[in-house]
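# Fold and geometry: a report
For reference, the chains in residue letters:
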Amino acid sequence: MPKISNDTLWELAASEVHSQESGTVDEEGDTVSNPTATGERTVFFIGSKAGGKTTILHRCLDRDETPKPTLALEYTFGRRARGHNTPKDIAHFWELGGGTLLSDLIQIPITAQNVRTLSVVLVVDLSKPNVLWGTTERLLQVARAQVDRACSSQATGESRTGKQPTKNSIPGTLHKDHPDRELISPFPVPLLVIGSKFDVFQDFDSEKRKAICKTLRFLAHYHGASLIFSSSKSEGLMSKTRGFVNHLAFGTDRGKTVSTDPSKSLIIPAGMDSLSQIGSPPATDFDIGTLHARSPLDLWKKVFEKIFPSESTSDPKDLKDPTKDPQYSEAKIDSMRAQKDQELEQYKRNAAKSWKGMELESQKS
């Protein structure tokens, strides 16, 4: 056996450190970023209003707190040690409240600085299928556009500083021989879709359950995402959900369970499904051929909304006034606010009287 010199070992070690810091080289010869090198990752929760995002996040972080409605955009973090006497990895968690109403705030957590280590978790409320497609479509469109802008900004910044542009590659969710590689449009960063309130969903009619399961399988596969159904009332499902989230946040093992049975909770890691296994859209009492669709995604949308007519997800009336929310009460400030409100109302009444007086005088003259 040939003897390895100390110089060779040092060269190997230096090469390993360099590859971890600057990324690796893909099949096309481009440098691909290594998200685990920095020890910090960002996980962004978006999804249905009151869909259980905060509950899932608290359970994943082992926090025994009563969830409160997310006002707009909230931040927290978690830490996890890789091993004994090693620095802890840090995960930055952002959560967008209000469903699609505040989708413009998506630009805040997704930046050129963190896009290489970013993952997105989309939580859809299984108990409200009539807003499922609209919520998913709107949030993923806005998030994808912001990720693209962040990547473009990052590449521009690197070119200005003379660095070799780093390729923020599409997640490798499908192996090169997968038959669907050219038929889907993977999300530009790792994506996890969580179907919440599975306990309520189980009471749905079996045909409706099958239609929702098929559609979510298609949406997840089309976007190169993992898919799991969950319920805060099932510790087993929450444990599996925690495994998927921690995989994104800390790089831990997410488990090897796969379940595609519509009578049970779906658990499908990214790249483990296929269009042939999913089948055709769940049409029932109408002919799919009568629908005019521009693409397979548009066809699935039209079929799903035939079964579950779409409801608006962006009514400003649904957004509660945070100044009247008891969880943000401040006695002194609220007292002063009430006083100013009274003064404003009095001013409005006096102004109205003045305008009426001016109108009467003008009529007399």
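In this report, we go over the structure that sits alongside the text. (Residues numbered from 1 in each chain as written. Predicted model: local features only at pLDDT ≥ 70, side-chain atom pairs only at ≥ 80, totals over all residues. Heavy atoms only, no water.)

## Considering the sheet that holds strand S8 (residues 226-229)
An order of S4-S5-S3-S6-S7-S8-S9 is seen for the seven strands of this open sheet, with the pairing classed as mixed. Each edge of the open sheet carries a strand with a single partner, namely strand S4 (73-81) and strand S9 (267-268). In this fold helix H6 (residues 235-250) packs onto strand S3 (40-47), S4, strand S5 (88-96), strand S6 (118-125), strand S7 (191-196), S8 and S9, with an angle of close to 130° to the strand it touches most, S3. (Pairing = 2+ DSSP bridges. Helix = DSSP H or I, 4+ residues; strand = E, 2+ residues; numbered from the N terminus. Contact = heavy atoms within 4.5 Å. Axes fitted to C-alpha atoms, helices over the stretch in contact; angles between N-to-C directions.)

## Overview of the nonpolar core
The nonpolar side chains of a soluble globular protein tend to be buried, and buried together. Counting residues in each nonpolar core, the largest one holds 47 residues, and the members touching the most others are Ile212, Leu216 and Phe229. Here the element with the most residues in this core is helix H3 (residues 132-161); it accounts for nine residues. Every residue in contact with leucine 216, bar those within four places of it in the chain, is listed here: Val124, Leu126, Leu132, Leu227 and Phe229. Counting 20 residues, the second largest nonpolar core, distinct from the first, contains Cys60, Val123, Leu192 and Leu248. (Core = buried A, V, L, I, M, F, W, Y, C linked by side-chain atoms within 4.5 Å. Buried < 20%, exposed > 50% of the residue type's maximum accessible area, 1.4 Å probe, protein only.)

## Re the side chain of aspartate 180
Looking at the element boundaries, aspartate 180 is found in the loop between H3 and S7. Within the structure, aspartate 180 has its side chain in polar contact with the backbone nitrogen of leucine 275 (distance 2.8 Å). Dropping the residues within four chain positions of it, aspartate 180 is found in contact with Leu174, His221, Ser274 and Leu275. (Polar contact = N/O pair within 3.5 Å; in protein donor to acceptor, adjacent residues only side chain to side chain.)

## Observations concerning the pattern of salt bridges
Summed over all chains, the structure comprises eleven salt bridges. Across the salt bridge formed by lysine 210 and glutamate 207, the nearest N and O atoms sit 3.9 Å from each other. With lysine 210 and glutamate 207 both in helix H5 (residues 206-222) and three residues apart, this pair spans about one turn of that helix. Classification of lysine 210 by relative accessible area gives partly exposed; the value is 43%. Measuring nitrogen to oxygen at the nearest pair gives 3.8 Å for the salt bridge that ties lysine 348 to glutamate 345. Here glutamate 345 and lysine 348 lie together in helix H9 (residues 331-364), a separation of three residues that amounts to about one turn. Judged by relative accessible area, which is 45%, lysine 348 ranks as partly exposed. (Salt bridge = Lys/Arg side-chain N within 4 Å of Asp/Glu carboxyl O.)

## Re the packing of H5 against helix H8 (residues 296-307)
Packing of H5 against H8 leaves a shortest axis separation of 11 Å and a crossing angle of 155°. When the axis of H5 is compared with that of H8, the two are roughly antiparallel. You can see that H5 and H8 cross each other, and the crossing is left-handed. The segment H5 lies against H8, with Ala211, Ile212, Lys214, Thr215, Phe218, Leu219 and Tyr222 engaging Pro296, Leu297, Trp300, Phe304 and Ile307. Tallied by class, the residues present in the contact of H5 with H8 amount to ten nonpolar, one polar and one charged. (Parallel < 35°, antiparallel > 145°, perpendicular 65-115°, else oblique. Left-handed = near helix turned anticlockwise from the far one by under 90°. Nonpolar A, V, L, I, M, F, W, Y, C, P; charged D, E, K, R; others polar.)

## Overview of the pairing of S8
Residues Ser226 and Ile228 of S8 are buried on one face, and the alternating residues Leu227 and Phe229, pointing to the opposite face, are buried as well. Both S7 and S8 contribute to a ladder of four bridges, which runs parallel. Within the sheet, the bridge partner assigned to valine 193 lies in S8 and is leucine 227. In this structure, S8 lies alongside S9, joined through two bridges in antiparallel fashion. Bridge assignment links isoleucine 228 to a residue of S9, and that residue is isoleucine 267.

## Side note on the packing of aromatic side chains
Tallying each qualifying case throughout the model produces nine aromatic pairs. Centre to centre, the rings of phenylalanine 198 and phenylalanine 229 are 6.1 Å apart; their planes meet at 40°, and the pair counts as tilted. With phenylalanine 198 in helix H4 (residues 198-201) and phenylalanine 229 in strand S8, this residue pair connects regions lying 31 residues apart in the sequence. Of the residues examined, phenylalanine 198 reaches a relative accessible area of 6% and is grouped as buried. Pairing phenylalanine 304 with phenylalanine 308 gives two aromatic rings, centres 5.1 Å apart and planes at 45°, and the pair type is tilted. We classify phenylalanine 308 as buried; its relative accessible area is 5%. Of the aromatic side chains, those joined through ring pairs into one cluster are Phe198, Phe201, Phe204 and Phe229. (Phe/Tyr/Trp six-rings, centres within 6.5 Å; stacked < 30°, edge-to-face > 60°.)

Just geometry here; none of it tells us what the structure is for.
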